[in-house]
Amino acid sequence: MLVPPPQFEDRDERELLLCGPGPSNILPSVRKDLTKPVLSPICDDYFNIMSDIRTGLKYAFQTKSELILAISGSGHSGMETIITNLLGPNDTLLIAKRGIWDLRAETIAYKHGIPTHITEVPFNATFSFEQLEAALKNYRPTALFITHGDSSTGTIQRLEGLGDICHKYGTLLLVDTVVSLGAVPFLMDEWGVDAVYTSTQKALSGPAGITPVAFSELAQQKINRRTHEPAFYFDVTLIAKQWNCFEKSKNYHHTLSPPLIWALRRCLIELSNETLPKAWSRHAQTTALFHKMLTHYGFEFLIPKPEDRLATVTTVKVPKGCVDQDFMNHIRYKHGIVIFGGLGPTVGKALRIGIMGVNSNEDVVTKVVQAMVDATRTVVKSKI
Ligand code: PMP
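Residues numbered from 1 in each chain as written. Predicted model: local features only at pLDDT ≥ 70, side-chain atom pairs only at ≥ 80, totals over all residues. Heavy atoms only, no water.

1. Concerning the site of the ligand
Okay, step 1: Neighbouring the ligand are the residues Ser 74, Gly 75, His 76, Trp 101, Gly 149, Ser 151, Asp 176, Val 178, Gln 201 and Lys 202.
Okay, step 2: A distance of 2.6 Å separates an oxygen atom of the ligand from a polar side-chain atom of Ser 74.
Okay, step 3: Ser 151 is positioned such that a nitrogen or oxygen atom in its side chain is 2.5 Å from an oxygen atom of the ligand.
Okay, step 4: Contact with the protein chains removes 87% of the 390 Å² of surface that the ligand exposes when unbound.
Okay, step 5: Looking at the shell around the ligand residue by residue, the class counts come to 2 nonpolar, 6 polar and 2 charged. (Near = heavy atom within 4 Å. Polar contact = N/O pair within 3.5 Å; in protein donor to acceptor, adjacent residues only side chain to side chain. Areas by Shrake-Rupley, 256 points an atom, 1.4 Å probe, with all protein chains shown as cover. Nonpolar A, V, L, I, M, F, W, Y, C, P; charged D, E, K, R; others polar.)

In structure tokens:
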């Protein structure tokens with residue numbers, strides 16, 4: 001053989017407490033469902049699971065829209081799907097830029113020849129509707145892209161009422177809820193959101209690799225009259241026929257991963273059992289406790305205004321005298337907890353701590369704060 005069989009080393013399988021901005025730990029029930037039997041992509045059992053997922057997603061996004069399904073891929077595939085199904089080179093995308101995800105949207109638009117306009121705030125702030133409306137009035141774009149919860153900065157953008165403002169200017173509202181759905185209020189229909197995607201690996205505590213998306217009636221009309229072609233793999237007009245969005249078409253488009261559809265179904269059952277209001281208040285209460293303890297121990301928030309702070313991902317300044325990597329290493333190797341450093345505009349400026357989904361509880365908060373306090377003392381001391 002040209003290439004002999006390789007020798008694989010054993011890898012560390014220690015289960016860590018995942019308190020970065022994602023992924024979070026997986027719910028035990030979801031882990032169990034990941035090993036359910038493999039199904040063929042053209043059998044009724046498979047379509048029934050997909051039907052359960054669509055029902056659960058309507059609840060999670062709070063929409064009655066029929067164009068609702070999941071894309072095979074991580075969060076980025078949702079971003080690429082909503083942008084490229086709705087916009088082509090004859091359209092314009094206004095990007096509300098405050099963190100790395102808006103930058104990614106800009107890159108995707110660029111790769112598909114979609115012209116963009118930018119309206120920007122500093123990374124530690126969020127947009128006022130006045131600023132957004134001024135940009136909408138000025139550019140009259142086909143769509144506005146905005147991130148609800150920004151995991152690179154730790155901010156939450158107010159959205160309630162933004163859909164109406166967008167629609168006044170003939171603009172569709174596109175929203176990233178990757179790190180917010182299931183943890184903070186999001187009401188697609190009530191807020192006039194036209195296209196949205198989320199993730200499974202953050203507040204829903206499932207595995208990454210399958211990404212829910214939903215489109216409003218207005219967005220569907222735009223898709224029906226579009227003059228450009230999105231990629232085959234992300235074309236929702238084709239994928240909708242596999243997900244039986246409008247009729248029992250039961251088409252084959254591609255092989256969805258059976259473990260992932262079982263897992264997503266279970267995440268949605270868990271969310272429906274808890275109910276959205278209870279999940280939102282659990283996250284709000286847990287984060288309030290976390291922030292109180294951080295303040296008590298002298299950690300400084302990166303985001304100055306409390307109302308701008310995201311409930312799932314908290315950003316604090318790197319403690320004085322600490323190198324962020326040493327701090328994270330201490331927490332990981334001594335305490336078995338993963339937290340992250342900055343990303344995009346917050347690189348070198350912040351530690352990002354995610355307390356969400358199955359980890360949003362008092363016990364996890366206490367462990368994380370104890371580990372952070374210990375790291376502050378130990379890492380600083382060892383540098384002196
Ligand atoms: N948007 C936000 C807000 C995110 O936090 C992430 C992931 N960290 C993404 C998009 C991209 O998701 P993925 O890594 O699953 O592709």
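2. Comments concerning the pairing of strand 4 (residues 116-120)
Okay, step 1: Both strand 3 (residues 93-97) and strand 4 contribute to a ladder of 5 bridges, which runs parallel. Across the sheet, Leu 93 pairs through a bridge with Thr 116, a residue of strand 4.
Okay, step 2: A crossover connection joins strand 3 to the parallel strand 4 through helix 4 (residues 100-111); in handedness this β-α-β unit is right-handed. (Pairing = 2+ DSSP bridges. Helix = DSSP H or I, 4+ residues; strand = E, 2+ residues; numbered from the N terminus. Right-handed = clockwise from strand over helix to strand, strands pointing away.)

3. Looking at the sheet that holds strand 10 (residues 210-215)
Okay, step 1: The 7 strands are arranged 2-10-9-8-5-3-4 in an open sheet whose pairing can be described as mixed. The sheet is open, and its two edges are formed by strand 2 (68-72) and strand 4, each paired on a single side. The mean angle between the axes of side-by-side strands here comes to 20°, regardless of whether they run parallel or antiparallel.
Okay, step 2: As judged from the 3 bridges shared by strand 8 (residues 172-176) and strand 9 (residues 195-197), these two strands associate in the parallel manner. Pairing of Leu 174 across the sheet is with Ala 195, part of strand 9.
Okay, step 3: Strands strand 2, strand 9 and strand 10 of the sheet are contacted by helix 2 (residues 44-61), whose axis makes an angle of about 105° with strand 2. (Axes fitted to C-alpha atoms, helices over the stretch in contact; angles between N-to-C directions. Contact = heavy atoms within 4.5 Å.)

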